[in-house]
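Report on the structure
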Amino acid sequence: MKITNICCIGAGYVGGPTMAVIAQKCPHIKVTVVDLNLERIAKWNDEDVNNIPVYEPGLGAIVADSRGKNLFFSTEVDKAIDEAQIIFISVNTPTKTYGSGKGMAADLKYIELCARQIARVSKNDKIVVEKSTLPVRTAEAIKSILDNTGNGVQFQILSNPEFLAEGTAVEDLLSPDRVLIGGDTTKEGQRAIQSLVDVYANWVPKDRILTTNVWSSELSKLTANAFLAQRVSSINAMSELCEKTGANVNEVAKAIGMDSRIGSKFLKASVGFGGSCFQKDILNLVYISKSFGLHEVADYWEQVIIMNDHQKRRFSKNIVSTLYNTIADKKITFLGWAFKKDTNDTRESAAIYVADNLINEQAKIAVYDPKVDYKLVISDLNYLESRSDEQNRNYVTSFNDVYEACANSHAIAILTEWDEFKTYDWQKIYDSMQKPAFVFDGRNLLDAKKIKEIGFIYQEIGS
């Protein structure tokens, strides 16, 4: 089937960038991104591409290149579904907060709603693509809904998980390590796979497009995130041992990273991993393992989460103990709120949990992040339900100027590895702070020697 019309349900961190790149690389294909969130769609359509809702280096230019030509953002979901040959489902799959599997299983209510809407609207055969990260065998549930509509439409379900790293999503889309497409082994399933392969082949070399059965594709995404998160928790576990023994975790990481069997990636000790995927996907993996009675497997992966939570608590406790075991009414400046640099995504950011811990000690938190506004900071804290919105606002302020954020502060905690933090006039910051002035570098970002020479009491992870 020659594809000329694609629809994506979900205009978030995956759907928006992915469809923008497909539209740019496939000018012969009409790409429509739909979402029920009016404000989000309005931002995607903003004349100033600097205001689009997802910040990724280079994304604005790509959107500007295709928007209004063959890339469209709309709230007309039914119309886009009806016209499309391929429908990507790229909606949120958060961890369940209720019922069976609470705190571990993926909440698939949005996926099911999409499937039912596709079934209701479709008048001709469609290819439905899972783009959201889903538990293995979710395709079975989607297919059951679609195949029992009674309208005679034939659906093929494909799994095409994303392997994007936020902050480098555009680069990852333009030059991916691999594109994974899973589908049925039937003739119809193979034809559907080939249709999607042909879309990606417009810019991705054929040897980087991997096809599998649908179950392998679904599980591969969870496994990839679990392995990456495991490396972060492993080096963070060693960082605590380094602090006790006098070793330096950066030196240890460099030594083991030069082993070709291990490699150097994801060996950066930090305050902990965040983002929408790692914790959610590992918890999902734990739940799936337990549901099959694989308790040792579940325990193994759950320890990755336990270690990550421990690292965040440990960082918070160290701030309290270093500041003479009392931080009540002390101003502590957070540099960074996003879970990593070059993104405005704050989901599961370590900063949220560290702030929550310090607010429990009645500290005053001042936040500076180049891409995150005060509204989102408060929303993140309110989501934890530790206290009221009013209480959070009493304890937390945010600033558009880093020097104002640091003025009269007792300590600075670096929670995001934004490159610009390394370029500041740290002497000016030091002069404006309460003395002694502390820096707790949760990302091991700064030059320790230079910062100490200025006069800061400087602490980094694992040394």
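Quick caveat: nothing in here was measured; it's all calculated off a predicted structure.

Among the five residues in strand E7 (residues 179-183), five count as buried, and that is most of the element. The alternating pattern of E7 places Val 179, Ile 181 and Gly 183 and Leu 180 and Gly 182 on opposite faces, both of which are buried. Two elements, E7 and strand E8 (residues 209-213), share five bridges in a ladder whose sense is parallel. The residue bridging Val 179 from the neighbouring strand is Ile 209, located in E8.

This brings us to a nonpolar patch on the surface. On the surface, Phe 292, Leu 294 and Val 297 cluster together into a nonpolar patch covering about 290 Å² of accessible area. Within the fold, Phe 292 resides in the loop between helix H11 (278-291) and helix H12 (295-322). With a relative accessible area of 60%, Phe 292 lands in the exposed category.

Bringing the nonpolar core into the picture now. Judged by nonpolar contacts, the single largest core of 59 residues is most densely connected at Phe 334, Leu 335, Trp 337, Leu 358 and Trp 426. Counting residues per element, this core draws most heavily on helix H13 (residues 350-360), at seven residues. Those residues in contact with Leu 335, other than ones at most four positions away along the chain, are Tyr 368, Val 402, Cys 406, Ile 412, Ala 413, Ile 414, Leu 415, Thr 416, Phe 421, Tyr 424 and Trp 426. Grouped together as the second largest cluster of nonpolar side chains are 42 residues, Ala 20, Val 63, Leu 71 and Phe 73 included.

Two elements in contact, helix H9 (residues 214-245) and H11, have axes whose closest approach is 9 Å; the angle formed by their N-to-C orientations is 115°. Judged by the twist between their axes, the crossing of H9 over H11 is left-handed. The segment H9 lies against H11, with Leu 219, Lys 221, Leu 222, Asn 225, Ala 226, Leu 228 and Ala 229 engaging Phe 278, Asp 281, Ile 282, Asn 284, Leu 285 and Ile 288. Of the residues that constitute the contact of H9 with H11, the class distribution is nine nonpolar, two polar and two charged.

Before going further, it helps to examine unusual backbone geometry. Following Lys 435, the chain continues into Pro 436 via a peptide bond in cis, with omega recorded as -5°. Structurally, Pro 436 can be placed in the loop between helix H17 (426-432) and strand E13 (438-441). Positive phi outside glycine occurs at Asp 329, with the angle close to 65°. Examined against the element boundaries, Asp 329 turns out to sit in the loop between H12 and strand E9 (331-335).

This part is about the packing of aromatic side chains. Evaluation of the coordinates by the stated rule reveals 14 aromatic pairs. Each ring, one from Tyr 200 and one from Trp 203, has its centre 5.6 Å from the other, and the planes form 55°; the classification is tilted. Summarising the burial analysis for this pair, Tyr 200 and Trp 203 share the class buried. Considering the side-chain rings of Tyr 324 and Phe 438, the 6.2 Å spacing of their centres and the 75° angle between planes classify their relative orientation as edge-to-face. Taken as a pair, Tyr 324 in the loop between H12 and E9 and Phe 438 in strand E13 lie far apart in primary sequence, 114 residues in all. A network of ring pairs unites the aromatic residues Tyr 403, Phe 421, Tyr 424, Trp 426, Tyr 430 and Phe 456 as a single cluster. In this arrangement the basic side chain of Lys 371 is found over the ring face of Tyr 55, its NZ or CZ atom lying 4.2 Å from the centre.

Calculation notes
Residues numbered from 1 in each chain as written. Predicted model: local features only at pLDDT ≥ 70, side-chain atom pairs only at ≥ 80, totals over all residues. Heavy atoms only, no water. Buried < 20%, exposed > 50% of the residue type's maximum accessible area, 1.4 Å probe, protein only. Helix = DSSP H or I, 4+ residues; strand = E, 2+ residues; numbered from the N terminus. Pairing = 2+ DSSP bridges. Patch = residues over 30% accessible without salt bridge, like charges linked within 9 Å, V, L, I, M, F, W, Y side chains within 5 Å. Areas by Shrake-Rupley, 256 points an atom, 1.4 Å probe, with all protein chains shown as cover. Salt bridge = Lys/Arg side-chain N within 4 Å of Asp/Glu carboxyl O. Core = buried A, V, L, I, M, F, W, Y, C linked by side-chain atoms within 4.5 Å. Contact = heavy atoms within 4.5 Å. Axes fitted to C-alpha atoms, helices over the stretch in contact; angles between N-to-C directions. Left-handed = near helix turned anticlockwise from the far one by under 90°. Nonpolar A, V, L, I, M, F, W, Y, C, P; charged D, E, K, R; others polar. Phe/Tyr/Trp six-rings, centres within 6.5 Å; stacked < 30°, edge-to-face > 60°. Lys NZ or Arg CZ within 6 Å of the ring centre and 35° of its normal.

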